Each structure stands twice: as C-alpha cells, then as structure tokens.
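Next come the chains, spelled out residue by residue.
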Amino acid sequence: MISKRVYKLGKAFVLFDRDGTLIEHVHHLTDPGLVKFKPDLQTSFQLLGKAGYRFGIITNQSVVGRGLATETVINKINARISDFLMSFEIVFDFVYVCPHLPSAGCDCRKPAISLGLKAVAEHQLDPSQSFMIGDQESDMLFGRNLGCSTIQVKGNAQKSLFADYYSDTLENAAKWILTKKE
Ligand SMILES: [Zn+2]
C-alpha cells in the first residue's frame, strides 16, 4: 500500500524574539531582576506545544558589544524565561544571541539570517513549516529572509510591511499559527 503521507524531514518551529515579545521591553536590559514576562506567555506556549511545535529564541543583544553586560548576565536573563516555561514542561531547543554592536556589520544580528541558518543546520528547522514572532521590523525581515511566516506582535514599533499577521497579543499570535497548521 502506498502511503499518501508526505514525509517532511525538517521540523516545524516557532522562533521568538525576546525583548518586547516574550518579556516586557526594557531599554538595554542588563538586570535579570527586571525581567517581566508577558501575561499570556505560558498560555501561548502551551497552545503551540500541544500542536507539536518546537521552540527557539533568536535575540539581538548589543548590550554585550556596548560593554553594558557580559554574556553570562545575558544567559541569566534568558534562563529566567526558559526556567519559568520549563516548570510547565516547555523546552527551548536553542537560544541564539547576537552580542555585537549594530555597527559591527556581523552576519548574526537580525535581520541578517545566519542564526536562522544555524537552526536549520543544527536543529533541522524547516522554514516553510515555521514561524517567526517578534515586535520589530528586523524580526519580520529576518523571518521573511529565512523563509518563515512572520507575525508581528504589537509593541513600540510601527506595523511592518513584512509581517504576514499583526497581532495585539502573543496569545493571539499563537492562535493564528494554529489556524495555519496543515
Ligand atoms: Zn552578531
């Protein structure tokens, strides 16, 4: 019997920006004590986790390049998010950080996509099945250039022309993704 099922080798991910998306925006956040989770963080991940998505964070942290924080401090801030969600059995496959200054011209600061390509290579992320959620134009461009669907959550940035969907909350972003699942 011939199976009609099409085997996809790659995995469906939801990629997240960090500041202004998973946690409230704080200018040049360098203190883990100032991390404030978005109110619908847990619900959003539970919805997506049940649907089988895997998770990754891709974040620009020029505070490192500016000398305002060490990578250790950045990792502590990131761990506040992953530890909180782990208490609900939600796990991130990766957290990738660009520590460089915008002026450094690196290839890992969003909207450049090298950290996305790293996820493709190391975690079998399939862009065609995956989504990027963020609040900034650079997140939308990153997702577009990687080949993901893009969702902009409302924040302090203007609506992006590169967003496939504009959402007032993280939870509504998650719900929109569920409507797109094959
Ligand atoms: Zn970089």
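Source: prediction; values computed, not measured.

Draft legend 1. Examining the side chain of glutamine 61 more closely. You can see glutamine 61 is positioned in the loop between β2 (54-60) and α2 (62-65). Relative accessible area serves as the criterion here: at 4%, glutamine 61 is assigned to the buried category. Polar side-chain contacts of glutamine 61 include one of 2.8 Å to the side chain of aspartate 19. What glutamine 61 contacts, discounting residues up to four positions off in sequence, is Arg18, Asp19, Ile74, Val97, Cys98 and Pro99.

Draft legend 2. Geometry of the pattern of salt bridges. Taken as a whole, this structure holds 7 salt bridges when the rule is applied. For aspartate 19, the salt bridge identified is with arginine 18, shortest N-O distance 3.0 Å. Given the relative accessible area of 14%, aspartate 19 is considered buried. For lysine 110, the salt bridge identified is with aspartate 139, shortest N-O distance 2.8 Å. Taken as a pair, lysine 110 in the loop between β3 (94-98) and α4 (114-123) and aspartate 139 in helix α5 (residues 137-146) lie far apart in primary sequence, 29 residues in all. We note that lysine 110, like aspartate 139, is buried. A single network of salt bridges, built from pairs that share partners, joins Asp17, Lys110 and Asp139.

Cut-offs used in this document
Residues numbered from 1 in each chain as written. Predicted model: local features only at pLDDT ≥ 70, side-chain atom pairs only at ≥ 80, totals over all residues. Heavy atoms only, no water. Helix = DSSP H or I, 4+ residues; strand = E, 2+ residues; numbered from the N terminus. Buried < 20%, exposed > 50% of the residue type's maximum accessible area, 1.4 Å probe, protein only. Polar contact = N/O pair within 3.5 Å; in protein donor to acceptor, adjacent residues only side chain to side chain. Contact = heavy atoms within 4.5 Å. Salt bridge = Lys/Arg side-chain N within 4 Å of Asp/Glu carboxyl O.

Just distances and angles here, no functional claims.
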